[in-house]
Amino acid sequence: MNKPLQAVRVWDLPTRCFHWLLAVCVIGSVVSAKIGGNAMVWHFRLGYVVFALLAFRILWGLVGGHWSRFASFIYAPSTVLRYLRGQALPREQLDVGHNPLGAFSVFALLILLAAQVGTGLFADDDISNTGPLIKFVSGATSSELTKWHKNIGQWLIIALVVLHVAAIVFYFVGKRQNLVGPMLTGDKLLPAHVPASADGARARLLALALLVGCAALVGWLVSLGG
Ligand code: HEM
C-alpha cells in the first residue's frame, strides 16, 4: 500500500532566499560586465553580494536546515552509481533534497562562483577597473587571475548555469518532477516519516545574523585595499 503523502519543508527560507538572490546577482554581474563602462560599478557591487552569499551558504551548509546541510548531499560514489542505474535502496532518500546529480552541479557552481569572486578581487582590465585587493599581488599574478576571471571562469559559470536550468527543465518534462515549486514554497509532498528542515523564527534569525556577519566580513576585506 502507498504511504500517504504530506507537505514536508525541504528548503528553508534562508536557502530559498540565498538561491534566488544568488541567481539574480550572478545574472546581473554577467550582464553588467557585458555592458561595461558605468555599469561596472554594479558588477563590483553584485560581486560583493555574491561573495557574502557564498560565505553565508558555506556556514548554512554546516548549521542550516537538514536538507541544506552539506552532509545531506555529499554522496559516496557507490550511491551515485546506484542512483544513475535507478537502483536506489528503499531507505535512501535521494530525491528529497539535492539528488546525487543535482549535488554535483551545486558543488561545482559554488566552487566556480567562489573562484570567480576570488579572482575578481585581484583582477585588472588594463583600462579603468581593478579589483579592490590588487595591491596585494604582483602584476604577473593579477594578469593570470584576470585571465581566469574574464575567460575560462566566466564561460564555465555560464555553461554550468545553462546546464543547471536545462536539468531542471528535463526533470519537469522528462521525469514529471517539479523542482522549482519547492525552491519557491519550500515544501515537497513526501511520506510523513521524512525529516523536515527546521525553518522557524529561530533558524531564520540565525540565518540573518550569519548573513549580516558575512556581509560585514566582505566589507572589511574589500576595505583592506584602501
Ligand atoms: C545564475 C543563475 C543560477 C544560479 C547561480 C543557481 C544556483 C543554484 C544553486 C547554488 C543551487 C543549490 C541551492 C542550495 O542548496 O543552496 C541551486 C538549486 C536549484 N536551482 Fe538554481 N541557480 C540559478 C538559476 C536557476 C533558475 C533560473 C532556476 C529555475 C528555472 C533554478 C532552479 C533551481 C532549483 C529548482 C534548485 C533545486 C534543485 C534540486 O532540487 O536539487 N535555478 N541553484
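For clarity, every value in this text was computed on a predicted model and none was experimentally measured. (Residues numbered from 1 in each chain as written. Predicted model: local features only at pLDDT ≥ 70, side-chain atom pairs only at ≥ 80, totals over all residues. Heavy atoms only, no water.)

Colleague: Help me understand the coordination of the iron atom of the ligand, please; the structure alone is not making it clear to me.
Modeller: For a metal bound by four donors in a tetrahedral arrangement, the ideal donor-metal-donor angle is 109.5 degrees, while six donors in an octahedral arrangement ideally sit at 90 or 180 degrees. Listed as protein donors to the iron atom of the ligand are His19 (NE2) and His164 (NE2); their distances from the metal cover 2.0 Å. Given six donor atoms and angles of 86 to 179° at the metal, the environment of the iron atom of the ligand is assigned as octahedral. In this pair, His19 sits in helix H1 (residues 13-35) while His164 sits in helix H6 (residues 152-173), placing the two residues 145 residues apart along the sequence. For His164, a relative accessible area of 23% translates into the label partly exposed. (Donors = N, O, S within 2.8 Å, 3.2 Å for Na, K, Ca; no water. Tetrahedral: all angles 85-135°; square planar, octahedral: opposite > 155°, others 65-115°. Helix = DSSP H or I, 4+ residues; strand = E, 2+ residues; numbered from the N terminus. Buried < 20%, exposed > 50% of the residue type's maximum accessible area, 1.4 Å probe, protein only.)

Colleague: I'm lost on the packing of helix H5 (residues 139-150) against H6 in this one. Help?
Modeller: For any two helices packed against each other, one specifies the crossing angle of their axes together with the interaxial distance. Relative to each other, H5 and H6 sit at 25°, their axes nearing to 3 Å. Taken as axis vectors, H5 and H6 run roughly parallel relative to one another. Residue-level contacts link Lys147, Trp148, His149 and Lys150 of H5 to Ile152, Gly153, Gln154, Trp155 and Leu156 of H6. (Axes fitted to C-alpha atoms, helices over the stretch in contact; angles between N-to-C directions. Parallel < 35°, antiparallel > 145°, perpendicular 65-115°, else oblique. Contact = heavy atoms within 4.5 Å.)

Colleague: Help me understand the site of the ligand in this model?
Modeller: In the neighbourhood of the ligand, 21 residues make up the surrounding shell, with His19, Arg57, His98, His164 and Leu179 lying closest. Within the contact set of the ligand, a nitrogen atom lies 2.7 Å away from a side-chain nitrogen or oxygen of His19. One nitrogen or oxygen atom from the side chain of Arg57 is found 2.5 Å from an oxygen atom belonging to the ligand. Within the residue set of the shell around the ligand, elements represented by two or more residues are H1, helix H4 (100-120), H6 and helix H7 (180-185). (Near = heavy atom within 4 Å. Polar contact = N/O pair within 3.5 Å; in protein donor to acceptor, adjacent residues only side chain to side chain.)

Colleague: What is the right way to read the packing of helix H2 (residues 40-63) against helix H8 (residues 201-223) from this model?
Modeller: Contact geometry of H2 with H8 gives a least axis separation of 8 Å together with a crossing angle of 135°. Classed by the angle they form, the pair H2 and H8 counts as oblique. Relative to H8, H2 is oriented so that their crossing is right-handed. On the side of H2, the interface is formed by Tyr48, Phe51, Ala52, Leu53, Ala55, Phe56, Leu59, Trp60 and Val63, while H8 contributes Ala203, Leu206, Ala207, Leu210, Leu211, Cys214, Ala215, Val218, Leu221 and Val222. (Left-handed = near helix turned anticlockwise from the far one by under 90°.)

Colleague: Is there a simple way to think about the nonpolar core in this case?
Modeller: One recurring pattern in soluble globular proteins is that nonpolar side chains are buried together. Membership of the largest hydrophobic core comes to 37 residues, with the highest contact counts inside it found for Leu22, Val50 and Leu54. For this core, the elements supplying multiple residues, two or more each, are H1, H2, H4, H6 and H8. By residue number, the principal contributor to this core is H2, which donates nine residues. Contact partners of Leu22, with chain neighbours within four places excluded, come to Val50, Leu53, Leu54 and Leu113. (Core = buried A, V, L, I, M, F, W, Y, C linked by side-chain atoms within 4.5 Å.)

Colleague: So what exactly am I meant to see when it comes to the pattern of salt bridges here?
Modeller: Pairing between side chains of opposite charge can happen when the charged atoms of each approach one another. Per the counting criterion, the structure on display carries six salt bridges. A salt bridge links Arg9 to Asp187; its shortest N-O distance comes to 2.6 Å. Note that Arg9 is positioned in strand E1 (residues 5-9) and Asp187 in strand E2 (residues 187-191), a separation of 178 residues in sequence. On the accessibility criterion, Asp187 (26% relative accessible area) is partly exposed. Across the salt bridge formed by Glu144 and Lys147, the nearest N and O atoms sit 3.2 Å from each other. With a gap of three residues between them, Glu144 and Lys147 both fall in helix H5, about one helical turn apart. Look at Glu144 and you get partly exposed, because its relative accessible area is 48%. A relative accessible area of 47% places Lys147 in the partly exposed class. Among the charged side chains, a salt-bridge network with shared partners connects Arg9, Arg16, Asp187, Asp199 and Arg204. (Salt bridge = Lys/Arg side-chain N within 4 Å of Asp/Glu carboxyl O.)

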